[in-house]
Amino acid sequence: MASEGDLGRKWDRCVADSAVKLGAGFGLGIVFSVIFFKRRTWPIAFGSGMGLGMAYSNCQHDFQSPYLLHGKFVKMSFGQPPAAPPEIPACKCSLQLPVKGKQ
């Protein structure tokens, strides 16, 4: 169960993300309406709907995955150096490409 502080941060992030995406969709809808569609209203509604849909999807994902790190609280340990990555074996492919001029 998430604490009250975590839940509050998620709601704040969700509301801010929704406002940004709705504003961007609305603004792009206005630009497309004026430039390409002779001042029709459907591009504005479409852009706003796309923005709200993306914001809803992000909020839904944020609330359903409570154990993801968002990059703010990453612990660093300075005691031991990180282990070396494993060696990648060389490819033993039998594919031979023809060279130009030789056959």
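A brief report on the enclosed structure follows. Model, not experiment: these values are computed from the prediction. (Residues numbered from 1 in each chain as written. Predicted model: local features only at pLDDT ≥ 70, side-chain atom pairs only at ≥ 80, totals over all residues. Heavy atoms only, no water.)

Time to look at the packing of aromatic side chains. Under the criterion given, the structure shown has 3 aromatic pairs. Here Trp11 and Phe63 contribute two aromatic rings whose centre-to-centre distance is 5.0 Å and whose plane-to-plane angle is 55 degrees, an arrangement assigned as tilted. Of this pair, Trp11 sits in helix 1 (residues 4–35) while Phe63 sits in helix 2 (residues 42–64), and the two are 52 residues apart along the sequence. (Phe/Tyr/Trp six-rings, centres within 6.5 Å; stacked < 30°, edge-to-face > 60°. Helix = DSSP H or I, 4+ residues; strand = E, 2+ residues; numbered from the N terminus.)

This next bit is on unusual backbone geometry. A positive phi angle is found at Lys38, which is not glycine, with a value near 50 degrees. For Arg39, which is not glycine, the phi dihedral falls at a positive 60 degrees. Examined against the element boundaries, Arg39 turns out to sit in the loop between helix 1 and helix 2. With a relative accessible area of 66%, Arg39 lands in the exposed category. (Buried < 20%, exposed > 50% of the residue type's maximum accessible area, 1.4 Å probe, protein only.)

Turning to the state of the cysteines, a few remarks are in order. In the structure shown here, the tally under the stated rule is 1 disulfide. Two residues share a disulfide in this structure: Cys14 and Cys59, whose sulfurs sit 1.8 Å from each other. Torsion about the S-S bond of the Cys14 and Cys59 cystine: about 110 degrees, corresponding to right-handed handedness. Of this pair, Cys14 sits in helix 1 while Cys59 sits in helix 2; the two residues are 45 residues apart in sequence, bridging distant segments of the chain. Comparing Cys14 with Cys59 shows no difference in burial state: the two are buried. (Disulfide = S-S within 2.5 Å.)

For the rest of this paragraph, the subject is the side chain of Ser18. Mapping Ser18 onto the fold places it in helix 1. Within the structure, the side chain of Ser18 is placed 2.8 Å from the backbone oxygen of Cys14, a separation counted as a polar contact. Ignoring sequence-local partners within four residues, the contact set of Ser18 consists of Ala55 and Cys59. (Polar contact = N/O pair within 3.5 Å; in protein donor to acceptor, adjacent residues only side chain to side chain. Contact = heavy atoms within 4.5 Å.)

By themselves, these are just geometric observations and shouldn't be taken as functional.
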